[in-house]
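One-letter residues, chain by chain:
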Amino acid sequence: MTRKPDESDATLQFRISDLDIPDAEKESPETGSAEPKNRREARLARKAHRVLLSLLLARAAALAPKYPRPGRTGWRRWMPSWRQWLGGVLTSVGLSALLLGIAYAATDIPSDLNTYATQQDNVYFWADGTPMARTGWVQRQAMPLNEIPEDVRWSVLAAENASFYSDSGISLKGISRALFRTVGQGDTQGGSTITQQYVKNVYLNQNQTIGRKFTEAMISLKLDNRMSKDDILEGYLNTSWFGRGCYGIQRAAQAYYGKDVSRLDAGEGAFLASLLKGAGLYDPTLSSANHARAVERWSWTLDRMVKIGKLTKAERAKFTKFPEPLKRNPLYDTGEQTDYLLEVASQYAKKAGGISDKDFDLGGYQVYTTFDRARERKLADTVAKARKKALKGDRNAAKTAHYGAASVTADGRILAVYGGPDHRTQGYNESNSTTVPAGSAFLPFVYAAGLEHGVQRRRDDERTRVTGQTLYDGDDDVPVMTPEGPYWDRSGKKVAASNDGDRSYGRISLHRALALSVNTPFMQLGMDTGLANVRATAEAAGLLPGSIGAQVPALSTGTSTPSAIRMAGGYTTFIAGGKRTEPYSVRRITRNGIGIVLRTPAPTRSISAETAEEVTSALADSFRAAHPVAAASAVGKVTGKAGTTPDDTASWYIGTHDFVSTAVVVYRIDLTKSLEPLPLKGLAGTGDDSVPYRIWSGAMGPLG
């Protein structure tokens, strides 16, 4: 029997002719000619789509529930039927599942880790390869999971995510709670599994937003399917923040308990686990309130370990006393001279290795320095004794006393420096400062310049060669001469050279003048050689251009202000046969086991071998003349030269023993007022027994 279509089906009955399909030969109304076939087909398809869309909309309207519902009374007229309720729920669930599936498929695990997830500390080593210090914005050292005690692992899991090994990587209950808090209170804490926290640490940011939380959940699900639980836990423990500048549980163990994580027990692990809630709230050394919170959380964590079966009651009973952490982080507690060494080494490492400040701060570098531990300790101890002795004399003068020192080898290696009493209280590095004049310690460079370039006493004369036996006037207050006559300063006065103690020596050879530290011959030698040549020779020996004094006669008597490192390096030019190597403090750098190419300094010719030999010989005679007893007992070749200034603001001693050069300077500056040097007031001792010489001889070892 054929059913008569009802009105609801009427909208589906249509004829092909309703589409107004043009005949193949039908002319186009616009052109009056027959349309091309492909154009007619496109027009037909568009019209068919419009008709079908209108039919579908009409059908949907016909099937939509009618309100108020026919056959119902009262409020029931407006309520959906159970079939409609079920259809809505199923549709919502289906659409949600579809959307989540699409989101899961579309979410990729990022290939780039966060900066702080990869950031590590830098490790510095002594010249003998033993560790010296660790520094960096982030203290981190990744540890394999099998080196972290099981009790320590479970203390973290008990506190943070006891179901870690059985969950899917996310907590729906926790996410719902976090989303509610985000919308209602702006707080997402308490909604993350360890997998989610790891994802947040290494792939995302710390923004408290719904979008970030959703992305975190998607990545966590995918990561849980790709990585083992142990690998996720290992990554989490190595990237989490524990306070005190530490990322990762290994650095946390060292920062709070001064030992490796492998030596921690469950009690110490329970405390470290509390820091994951916020080190600023649970580090007990910061406040009494923190201490109370830490103890409460520590006890709760241990009790929870018992509850989840990872600690027996008998084992729990052993932990009755809170394991108080160290009051300060020993990893950053370098202090004293080590920080000065790190300052010098890090600056050189970045320059020679072509490492940017940003990359160096990301860490992971192993910096192998040239510093000799034994020499460094001996130098520091010797200066400490000098400081202590000075305080017994003029205490006020001693409080403003500064001591800078450095030892450099003939091939440029910096073996030791003394930068100050303690970098934590004085960041001013006295071994590398260009503050006080070199005084008569500068004379060897003037002598070398004269030997290298010869002299010209009159404008039209040819330059003539000078030797160690060339005679000059060694009397006190000898006027300085130019080819045109006496040299007049800007105030209209004749410039004259003077000797220490106003002593006159008569005609004296240049060799002997250097050995006895007679100033007047060298002020005139500088004028005869040409102050430009003096400057060039000093720079060729390693003194920095910015530290060279003004080009006036006083340049030859030490108005330049080189650092102790540069003076020590400059004197190595003489014992290295005239070759100079730029002082350097790093011999090798690696990062994650891969070597970094260093631009290692190469020796360059500064002065001739003959000149270097003559200056060295004169400096050896200088040491013998000033310290005959020490010279008689010394083993190996020793040279030395004292340096004083006319206004008594600085006292130097620079000398060499075999292939090592050491420079020591003592001066006074009140850093609370200015950088202007003050008179020493006897703080540097006497000319025959100066404090710089005592420090130098003590640091050189064989001369002590």
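Structure shown above.
Residues numbered from 1 in each chain as written. Predicted model: local features only at pLDDT ≥ 70, side-chain atom pairs only at ≥ 80, totals over all residues. Heavy atoms only, no water.

A. Region of interest: the sheet that holds strand β19 (residues 650-657). Strand order across the open sheet formed by 5 strands is β7-β6-β20-β19-β18, with antiparallel pairing between neighbours. With partners counted over all chains shown, the strands left at the sheet margins are β7 (414-418) and β18 (638-644), one partner each. Sheet twist, expressed as the mean angle between neighbouring strand axes with direction ignored, is 10 degrees. Sheet topology places β18 next to β19; 7 bridges connect them, and they run antiparallel. When the bridges of β19 are listed, Thr 639 appears paired with Thr 656. Here helix α25 (residues 691-699) sits on the sheet in contact with β6 (401-409), β18, β19 and β20 (660-668), set at roughly 25 degrees to β19. (Pairing = 2+ DSSP bridges. Helix = DSSP H or I, 4+ residues; strand = E, 2+ residues; numbered from the N terminus. Axes fitted to C-alpha atoms, helices over the stretch in contact; angles between N-to-C directions. Contact = heavy atoms within 4.5 Å.)

B. Structural view of the packing of aromatic side chains. Evaluation of the coordinates by the stated rule reveals 18 aromatic pairs. Geometrically, the ring pair formed by Phe 271 and Phe 322 is edge-to-face, given 5.7 Å between the ring centres and 85 degrees between the ring planes. Of this pair, Phe 271 sits in helix α10 (residues 266-275) while Phe 322 sits in the loop between α13 (313-316) and α14 (336-353), placing them 51 residues apart in sequence. Of the two residues, Phe 271 and Phe 322, neither departs from the other in class, the shared state being buried. Seen from their ring centres, Tyr 447 and Phe 522 are 6.0 Å apart, and the 75 degrees between their planes marks the pair as edge-to-face. With Tyr 447 in helix α18 (residues 443-453) and Phe 522 in helix α20 (residues 520-529), the pair connects residues that are 75 residues apart, well separated along the chain. Assigned by exposure class, Tyr 447 and Phe 522 land together as buried. Within the aromatic cluster, the residues linked to one another by ring pairs are Tyr 256, Tyr 257, Phe 271, Trp 298 and Phe 322. Its guanidinium or amino end placed over the ring of Phe 164, Lys 229 lies 4.7 Å from that ring's centre, counting from NZ or CZ. A cation over a ring is seen here: Arg 316 above Trp 298, with NZ or CZ 5.9 Å from the ring centre. (Phe/Tyr/Trp six-rings, centres within 6.5 Å; stacked < 30°, edge-to-face > 60°. Buried < 20%, exposed > 50% of the residue type's maximum accessible area, 1.4 Å probe, protein only. Lys NZ or Arg CZ within 6 Å of the ring centre and 35° of its normal.)

C. Broad picture of the layout of surface pockets. Of the voids in this model, the second largest pocket is the one considered here, and its volume is about 730 Å³. Asp 500, Ala 642, Thr 644, Gly 687 and Asp 688 are, among the 35 residues lining the second largest pocket, the residues nearest its centre. Counting only elements with at least two residues in the lining of the second largest pocket, the list comes to α19 (510-515), α23 (609-626), β18 and β19. Here the lining of the second largest pocket gets 5 residues from one element, more than from any other, and that element is β18. Residue composition of the lining of the second largest pocket, grouped by class: 14 nonpolar, 15 polar and 6 charged. (1 Å grid on protein atoms, 1.4 Å probe; cavity = no way out; pocket = protein on both sides within 12 Å on 5 of 7 lines; lining within 4 Å. Points joined across faces, edges and corners; volume = space filled by probe spheres on them. Nonpolar A, V, L, I, M, F, W, Y, C, P; charged D, E, K, R; others polar.)

D. Geometry of the sheet that holds strand β5 (residues 365-369). The strand order β2-β1-β5-β15-β16 describes an open sheet built from 5 strands, whose pairing is mixed. Among the strands making up the open sheet, the edge pair consists of β2 (131-135) and β16 (594-595). Here 3 bridges tie strand β1 (residues 122-125) to β5, and the two strands are oriented parallel to one another. Bridging from a neighbouring strand, Phe 125 pairs with Tyr 368 of β5. On the sheet, α14 packs against β1, β2, β5 and β15 (586-591) and is oriented at approximately 75 degrees with respect to β2.

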